[in-house]
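Remarks on the overall topology
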Amino acid sequence: MSRYVLPLSVLGTAVGGAVLLKDFVAGGACPSKATIPGKTVIVTGANTGIGKQTALELAKRGGNIILACRDMEKCEAAAKEIRGETLNHRVNARHLDLASLKSIREFAAKVTEEEEHVHILINNAAVMRCPHWTTEDGFEMQLGVNYLGHFLLTNLLLDKLKASAPSRIINVSSLAHVAGHIDFEDLNWEKRKYDTKAAYCQSKLAVVVSTKELSRRLQGTGVTVNALHPGVARTELGRHTGMHSSAFSSFTLGPIFWLLVKSPELAAQPSVYLAVAEELEGVSGKYFDVLKEKPPAPEAEDEEVAKRLWAESVRLVGLEMSHGSHGKTGQPLPK
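Residues numbered from 1 in each chain as written. Predicted model: local features only at pLDDT ≥ 70, side-chain atom pairs only at ≥ 80, totals over all residues. Heavy atoms only, no water.

Assigned secondary structure in the protein consists of 11 helices and eight strands. The 335 residues of the protein split such that 53% are buried. Across the protein, the fraction of contacts at a sequence separation of at least 24, relative to all contacts at a separation of at least 6, is 78%. Working note: accessible area of the protein is about 16000 Å², and carbon and sulfur atoms make up 56% of it. (Helix = DSSP H or I, 4+ residues; strand = E, 2+ residues; numbered from the N terminus. Buried < 20%, exposed > 50% of the residue type's maximum accessible area, 1.4 Å probe, protein only. Contact = heavy atoms within 4.5 Å. Areas by Shrake-Rupley, 256 points an atom, 1.4 Å probe, with all protein chains shown as cover.)

See below:
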C-alpha cells in the first residue's frame, strides 16, 4: 500500500499547484471586503456569465441590484436565483436591449422616474465576433451593443448618477482593445469587407477611449468612470468564435485553456473591485487589467481621437435630440 503513497502525494501536489497557478494567472478574488448596503447598482447583461456573477456578488454585499437584460425570461430566472442565494430581495429584472436605441431610452426613463438614486452603473453586456449583423438602428452589432448602446445609456443616466454622488461607472472592455483601431471613415463596416475580430477589437477600444473622455468631462462631479479587462472567461460570450467546435482545438488546447481561462465567478472580481473598493474612491479615467491599473493602448490615450469619437457618438445615437446632455461647462456637446 505504501508504494502508492508517494505517487498519490506527487499527484496531489501537482494538482494543487496547478489550481494555485490557475488562480494566480487568473488574478484572484476581489481584495476589498467593502459592503454597499442600500446602494443602487445597475448591471447590464446580468442574466448569465460575468454579469450574473457580478450581480450576485454585489447582492451579497447588500446592494439594491437591477439586472438589465434583453432576454427577460433568463433575466427573471437569474434575479430569482440571486435572491434565493443571497436572501437579498432587492434584486430585480428589467428589460434593456442594447441593440435598440428606443429600448435604451425607455429603460433610462423608467430608472430615472422610479429610482431615487443610481450609485453604480456597470456596463457589462457584450457580443463577441458575431456574424455581420446590424442593430435595430443600423449600427454594426459589436459597435452598437458593446459601445454605442452603453454610451447612450450612460449619458442618459448621468444626471441621476451625479445626484447620487459619490457614484461610479464601470465599463467592461477587453485586452483585445490593444489590437483595435477607430476607423472614423467606416465605423460601421459599410465600405470594407467585414472582419468580425477587428470589429470586436474596435468596439472594445472605443469603450476605453470614451472612458477617458467621459472622466475628463465628469471632473468635479463626484462621478468616476473606469474601464477594465476582466480576463478571459468561460462564458457564452465566445459562442461565435468556433473555439470549441473543433475536436483538435478541444483536445490540444483544452489543458491550456483550463489554466488560462477563468470561471465567470473569478472574471467578475475586477468589476466588483472597481464598484466597491474604498481605496478607489475618486480614481477615474483609468484602465485596469484584471485587478491592477495599467496603461491602455496608445490610441486609447489620444485626446484628439477621444474628442472626435465622442462627437461622432453623440451624432450617431441622437443624444442631442433626445436628451439635454451638456459638458462640464454647461455648453452643448460638440457636433
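After that view, the rundown keeps rolling.
Let's shift gears to the packing of aromatic side chains. All told, the structure shown has three aromatic pairs when counted by the stated rule. Ring centres 5.8 Å apart and planes at 45° place the aromatic pair Y147 and F151 in the tilted group. Placement of both Y147 and F151 in helix 5 (residues 141-163) is noted, with a separation of four residues, approximately one turn of the helix. A relative accessible area of 3% means that Y147 is categorised as buried. Judged by centre distance (4.8 Å) and plane angle (75°), the ring pair of F151 and W310 falls under edge-to-face. With F151 in helix 5 and W310 in helix 10 (residues 303-317), the pair connects residues that are 159 residues apart, well separated along the chain. For the pair F151 and W310, one class covers both residues: buried. One Lys or Arg, R192, reaches over the ring of W189 and ends 3.5 Å from the middle of that ring. (Phe/Tyr/Trp six-rings, centres within 6.5 Å; stacked < 30°, edge-to-face > 60°. Lys NZ or Arg CZ within 6 Å of the ring centre and 35° of its normal.)

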